[in-house]
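Examination of the molecular architecture
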Amino acid sequence: MSQLIDGKRISQQIKDELREEVERLKEKGRNACLAVVQVGADPASTVYVRNKKKACEYIGIRSKSYELPEETTEQELVGLVENLNKDAQVNGVLVQLPLPDHIDEDKIIRTISPDKDVDGFHPVSVGRLWIGEKGFLSCTPAGIIQLLKRSGVEIEGRECVIVGRSNIVGKPMAALLLRENATVTVAHSRTKDLKKVTKRADILVVAIGKKRFITSEYIKDGAVVIDVGMHRDEDGHLCGDVDFADVEPHTSAITPVPGGVGPMTIAMLMNNCVETIRTQEERP
Ligand code: NAP
């Protein structure tokens, strides 16, 4: 029988560990504060921002909200981020993406100080990840590593295939699996004979952004399957990039959607916030 990798339970476990750590750090006079910036009122972004603030409250770190109107100019946003970079009371700066079309996202990501880059998207954070230096890790891939480790899935020496090469999931996922000594292949839309490639995988991570795209034909018997995708189907139910009902019987372990990768992203964001107040000695 396949093991269901329970992201809800594991993310709760991580948040509880962080809550205890934050309490200990507070006793030493170290307090974290996260600045959360949202431009416009995109409903999905509003839900994400609300959940991030709720998670901050749960683990005991302060959050400061900046809700800016849709018409905010790029210059105004750059100005706010620069002020937050300088603000000694603020340890982490998060600008909720996507931004309105008239604002260059890359420019904003580059404006956030690498020392406060809790999303891990700044080129300095990305570079540190690839050369194996300590730094903020991109939250979704870092969450996947925790899901695997805390579910007893061995990574070292295993054949890992990632489908998708985005900057926020596929690429950092490859770096993190490599760091764990896996053999890593990254597939994408130009990959020839995708099924042949995915069938090599002991661990398959799917981040394509296409509803129920991966069926049992893509799976090696006994593989571990991690589904990053998040969609609503025709009936309004949440589903992933993997056709769960078809694939699950062929796996040794699999993440559900919802309740798999999703909850881990916020837990790892919280870990990055706590990272801002850990000293060198306290880092895990
Ligand atoms: P993205 O930026 O759209 O990237 C999709 C990737 O999939 C691209 O690299 C693309 O290849 C590849 N691809 C598309 N069609 C393909 C095909 N037919 N065969 C092979 N590869 C194909 O997506 P993303 O931001 O990584 O997100 C992927 C999914 O994860 C989305 O459903 C998103 O909502 C979800 N997501 C969830 C979380 C979470 O916390 N749970 C976080 C982030 C994202 P090319 O590069 O060649 O175009």
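Let me begin by describing the structure that accompanies this report. (Residues numbered from 1 in each chain as written. Predicted model: local features only at pLDDT ≥ 70, side-chain atom pairs only at ≥ 80, totals over all residues. Heavy atoms only, no water.)

The next thing to look at is the overall build of the protein. When helices and strands are counted, the protein shows 10 helices and 11 strands. Since a compact globule built from 284 residues should have a radius of gyration of about 19 Å, the 19 Å found for the protein is in line with a globular shape. Dimensions along the principal axes, computed over C-alpha positions, put the protein at roughly 55 × 45 × 35 Å. Taken across its 284 residues, the protein has 48% of its residues classed as buried. Counting contacts in the protein only where the partners sit at least 6 residues apart, residues at least 24 apart contribute 69% of the total. Summed over all atoms, the accessible surface of the protein reaches about 13,900 Å², with 49% contributed by carbon and sulfur. Measuring between centres, the 39 positive side-chain charges of the protein sit 2 Å from its 43 negative side-chain charges. (Helix = DSSP H or I, 4+ residues; strand = E, 2+ residues; numbered from the N terminus. Rg over C-alpha atoms; globule rule 2.2 N^0.38 Å. Buried < 20%, exposed > 50% of the residue type's maximum accessible area, 1.4 Å probe, protein only. Contact = heavy atoms within 4.5 Å. Areas by Shrake-Rupley, 256 points an atom, 1.4 Å probe, with all protein chains shown as cover. Lys, Arg positive; Asp, Glu negative; His and termini not counted. Charge placed at Lys NZ, Arg CZ, Asp CG, Glu CD.)

Of all hydrophobic cores here, the largest spans 52 residues; its most connected members are Leu148, Leu177, Val205 and Met270. In contact with Val205, not counting residues within four places along its chain, are Ile144, Val161, Ile162, Val163, Met173, Leu177, Ile226 and Val228. (Core = buried A, V, L, I, M, F, W, Y, C linked by side-chain atoms within 4.5 Å.)

Attention shifts here to the pairing of strand β4 (residues 92–95). Going residue by residue along β4, you find Gly92 and Leu94 tucked away on one face and Val93 and Val95 tucked away on the opposite face as well. Looking at chain direction, strand β2 (residues 33–39) and β4 are connected through four bridges and run parallel. Within β4, the residue paired with Val36 across the bridge is Leu94. (Pairing = 2+ DSSP bridges.)

This brings us to the side chain of Asn272. Residue position: Asn272 is located in helix α10 (residues 262–275). Classification of Asn272 by relative accessible area gives buried; the value is 5%. Excluding residues that lie within four positions of it along the chain, Asn272 makes contacts with Val118, Phe136, Leu137 and Cys139.

Turning to the site of the ligand, a few remarks are in order. In the vicinity of the ligand lie 22 residues, with Arg165, Ser166, Ser189, Lys210 and Thr265 positioned nearest. Note that a nitrogen atom of the ligand is positioned 3.5 Å from one of the backbone N or O atoms of His188. Taking Thr265, its side chain carries an N or O atom lying 2.8 Å from an oxygen atom of the ligand. In the complex, 70% of the free accessible area of the ligand, which totals 930 Å², lies under the protein chains. Broken down by class, the residue content of the shell around the ligand amounts to 10 nonpolar, 10 polar and two charged. (Near = heavy atom within 4 Å. Polar contact = N/O pair within 3.5 Å; in protein donor to acceptor, adjacent residues only side chain to side chain. Nonpolar A, V, L, I, M, F, W, Y, C, P; charged D, E, K, R; others polar.)

With 14 residues, α10 extends 21 Å from end C-alpha to end C-alpha; this agrees with the ideal 20 Å at 1.5 Å per step. Counted residue by residue, α10 has 11 buried out of 14 residues, so it is predominantly covered. Of all the residues in α10, the buried ones are Met264, Ile266, Ala267, Met268, Leu269, Met270, Asn271, Asn272, Cys273, Val274 and Glu275. Lining the buried residues of α10 we find α1 (7–27), β2, α2 (43–59), β4 and α6 (139–150). (Expected span 1.5 Å × (residues − 1).)

Overall, the coordinates contain 14 salt bridges when judged by the stated rule. A salt bridge links Glu234 to Lys211; its shortest N-O distance comes to 3.9 Å. Linking Glu234 in the loop between β9 (231–232) and β10 (238–239) with Lys211 in the loop between β7 (203–206) and β8 (223–227), this pair joins segments that are 23 residues apart in sequence. The class of Lys211 is partly exposed, set by a relative accessible area of 39%. (Salt bridge = Lys/Arg side-chain N within 4 Å of Asp/Glu carboxyl O.)

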